[in-house]
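# Architecture and fold: a report
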Amino acid sequence: MTTPICDFVTSYALSGKVRFHMPGHKGVSIHGAEPLDITEINGAGYLYSDEGIIAESERNASMLFGTERTLYSTEGSSLSIKTMLATAVTTLKKDGERPVILAGRNAHKAFLDAAALIDFDVKWLMPGTDDKNICSCDIAPADVENALAAMPDKPIAVYVTSPDYCGNMLDIEGISRVCREYSLPLLVDNAHGAYLKFLSKSLHPIDLGADMCCDSAHKTLPVYTGGGYLHISRNADTRFVKNAKALMSMFASTSPSYIIMQSLDLCNALLSTTFPTELEEAVSRVNTVKNEITEMGYALGGDEPMKITILPGSFGYTGDELAEHLRENDIECEYSDPFALVLMPSVYNSEDDYDRLLFALSLLNKRRAIESELPALPEPVVAMSIRQAAFSLSRRVNVDDAKGLICGRTAVCCQPSIPLAVSGELITDEIIKILKRYSIFEIVVL
Ligand SMILES: Cc1ncc(COP(=O)(O)O)c(C=O)c1O
C-alpha cells in the first residue's frame, strides 16, 4: 500500500529547501517533530480537495474500509460527526420542515454541537431504567421500529453510538434493517470502533449496514491524537459523497495537521499488512485477561472485544476508587465514574502491562457491595430548540438553584462528554441529582 503523504513530507524534509512558508518553526527541531510538520505547500495537496496526495491516501483508506468514500479528519470524530450530520441534513431536509434526527440519548457532545450549529431537532431514544450509567443506551432494533412507528412526521435519519464508552455494542445489523424499511439512513458514532473492521470477522458499522459512520482512528489504531475518518457506505445516498467534503471544510481548520495526516497515511500500510494478525492475538490476550479478572470476583460490562469495563460495585468499590488504586500502582485507566472503570488496551500493550494490571487488581479485598442510587435519566421536557438555547444569552448558576429553568448550554462531564442536560430542556429535581452525582455543581441556564 502506498504512503503518498509520508513520502512527500519525508522527501521535502530531506531536500534542504529554504522554508519561507508557515509554520513559524521552519522545520527546525525544537520539540522534535518540526521537520515533518508542513503546511499546504506546492505538491502537498489540500485536505478538502478530491485530488493530490491526501486524496490518494484517503482512497487507500477507503479501499481498506470497503467504503464508497473515506474522508480524513485531523480533528477527531468530533469533526466527522458534525460533517456527517450536516451532510445528512443538507441532503435530505425538506423545504418548510424542521429536520429531526432520531438519536440515542448517550450521544457525544459533538452531536449536540452539531444540532446547535446546523439547527435540527432531536427525538431521543432514551435508555432503559436498568441503564444507570450515562454512557450506555441499550437500543434494540425493536426500539427504533417502535419509535419510528410512533412518529407522525418521520425523522431524516437515525443516529446511534456503538460501541459506547463502556464497550456496549448495539445490533447495528438489526437497526440498519429497520432503517431500510423506513428508507432512512443510519448514522453511527463508531468513534471507539475503527479497529472493528480488522477483526477476523468485521464488526465495523459500514459492514453491518450503516450509511455513514465516524471512527476516531486515534482511539484504537496507531494514529496520533486527532486522526479520524468519516466513512460513507457504497449503499448510501450518492449525494452524501458529493456534499461531505465541502461541508467538512465549513467546520474544520484550514490548517489541518500534516503530522496527523502522515500518521493516518502510515496507518494504511500497517492495516494492509501486520495489523490484522496482531489484532487477533491482542483480542485473544484481552479475552484471557477478562476471564482472569472475572475469576478474581469482579463483574465486567460491555461486549466490545478490545475494551475491559469493570463494574466494581459488586466488589465493593466505585469506579473512581478503583481508578485511584490503579493509579497508585502506576496504571492509568481510560475512564472511571461512580459505576464503571474502562481500560482500553490495543495491539501495542505488552505482556508486562497485562501482568501489572492483574497484579494490581489482585491486591484489593472484596468489600460489601455498593448499590447504585442513581435515578435513570428522565424523559426530557423540551422548552425550546437546542440552537435557540445554545445561542441565547445565558448565566451560570449553582445546580441547586436551577430547578425549573431552561438549560442554556448542554451539560456534560469532560469525559465521557455525554449530555446530562441538553440545551433547551427544563432542569428538574432528577436532573439536578444526576448532575451532582457526576460532580457537576454549576450549570448554564437562560
Ligand atoms: C462516543 C464518542 N464519540 C465521539 C467522540 C469524539 O471523538 P474525538 O475525540 O476523536 O473527536 C468521543 C470521544 O471520546 C466519544 O467517546
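Model, not experiment: these values are computed from the prediction. (Residues numbered from 1 in each chain as written. Predicted model: local features only at pLDDT ≥ 70, side-chain atom pairs only at ≥ 80, totals over all residues. Heavy atoms only, no water.)

### Here we look at the sheet that holds strand β8 (residues 299–301)
- A sheet is described by the order of its strands in space; here four strands give the open sequence β8-β9-β11-β10, paired in antiparallel fashion. Each edge of the sheet is formed by a strand with only one pairing partner; in this case those strands are β8 and β10 (335–336).
- The sheet contact formed by β10 and strand β11 (residues 341–343) spans two bridges and is antiparallel. Its bridge partner lying in β11, S336 is registered against L341. (Pairing = 2+ DSSP bridges. Helix = DSSP H or I, 4+ residues; strand = E, 2+ residues; numbered from the N terminus.)

### Quick notes on the environment of G66
- Along the chain, G66 falls in the loop between α2 (53–65) and β1 (69–73).
- With 48 residues separating them in the primary sequence, G66 and V18 have C-alpha atoms 40 Å apart.
- Those residues in contact with G66, other than ones at most four positions away along the chain, are K197, I206 and R234. (Contact = heavy atoms within 4.5 Å.)

### Focus: the packing of aromatic side chains
- Going through the model one piece at a time under the given rule, you end up with 13 aromatic pairs.
- Relative to F275, the ring of F198 lies with its centre 6.1 Å away and its plane at 90°, an arrangement referred to as edge-to-face. Here F198, found in the loop between β5 (186–189) and β6 (212–215), pairs with F275, found in helix α10 (residues 275–295); they are 77 residues apart in sequence, far enough to count as distant.
- We classify F198 as buried; its relative accessible area is 8%.
- Assessed through its relative accessible area of 1%, F275 is described here as buried.
- Here the aromatic cluster, defined as three or more aromatic residues joined through ring pairs, consists of F65, Y72, F198, Y229 and F275.
- The ring of W124 has R105 sitting right over it, with the charged end atom 4.9 Å from the ring centre.
- One cation-aromatic arrangement involves R367 over Y317; the distance from NZ or CZ to the ring centre is 3.7 Å. (Phe/Tyr/Trp six-rings, centres within 6.5 Å; stacked < 30°, edge-to-face > 60°. Buried < 20%, exposed > 50% of the residue type's maximum accessible area, 1.4 Å probe, protein only. Lys NZ or Arg CZ within 6 Å of the ring centre and 35° of its normal.)

### What about the site of the ligand?
- Around the ligand sit 14 residues, and of these S78, D189, H192, S216 and H218 come closest.
- Within the side chain of D189, a nitrogen or oxygen atom sits 2.6 Å from a nitrogen atom of the ligand.
- For the ligand, an oxygen atom lies 2.7 Å from a polar atom in the side chain of H192.
- Isolated, the ligand exposes 390 Å² of accessible area, and the fraction of that covered by the protein chains is 87%. (Near = heavy atom within 4 Å. Polar contact = N/O pair within 3.5 Å; in protein donor to acceptor, adjacent residues only side chain to side chain. Areas by Shrake-Rupley, 256 points an atom, 1.4 Å probe, with all protein chains shown as cover.)

### Considering the pairing of β6
- Here β6 shows no split at all, with M212 and C214 on one side and C213 and D215 on the other all buried.
- Both β5 and β6 contribute to a ladder of three bridges, which runs parallel. Of the residues in β6, the one forming a bridge with D189 is C214.
- Relative to strand β7 (residues 228–232), β6 runs antiparallel, the two sharing four bridges. Bridging across to β7, D215 finds its partner in Y229.

### Some remarks on the domain arrangement of the chain
- Structurally, the chain comprises domain 1 (4–271), domain 2 (277–362) and domain 3 (386–445).
- Computed from C-alpha coordinates alone, the two centres of domain 2 and domain 3 are separated by 32 Å.
- On the domain 3 side, the residues contacting the five residues of domain 2 number four residues.
- The contact between domain 2 and domain 3 buries some 440 Å² in all, and 55% of this surface belongs to carbon and sulfur atoms.
- Interface area lost by domain 2 to domain 3 is led by Y335, P338 and F339, which between them contribute 76%. (Domains from an automatic or database assignment. Buried area = accessible area lost by both parts, 1.4 Å probe.)

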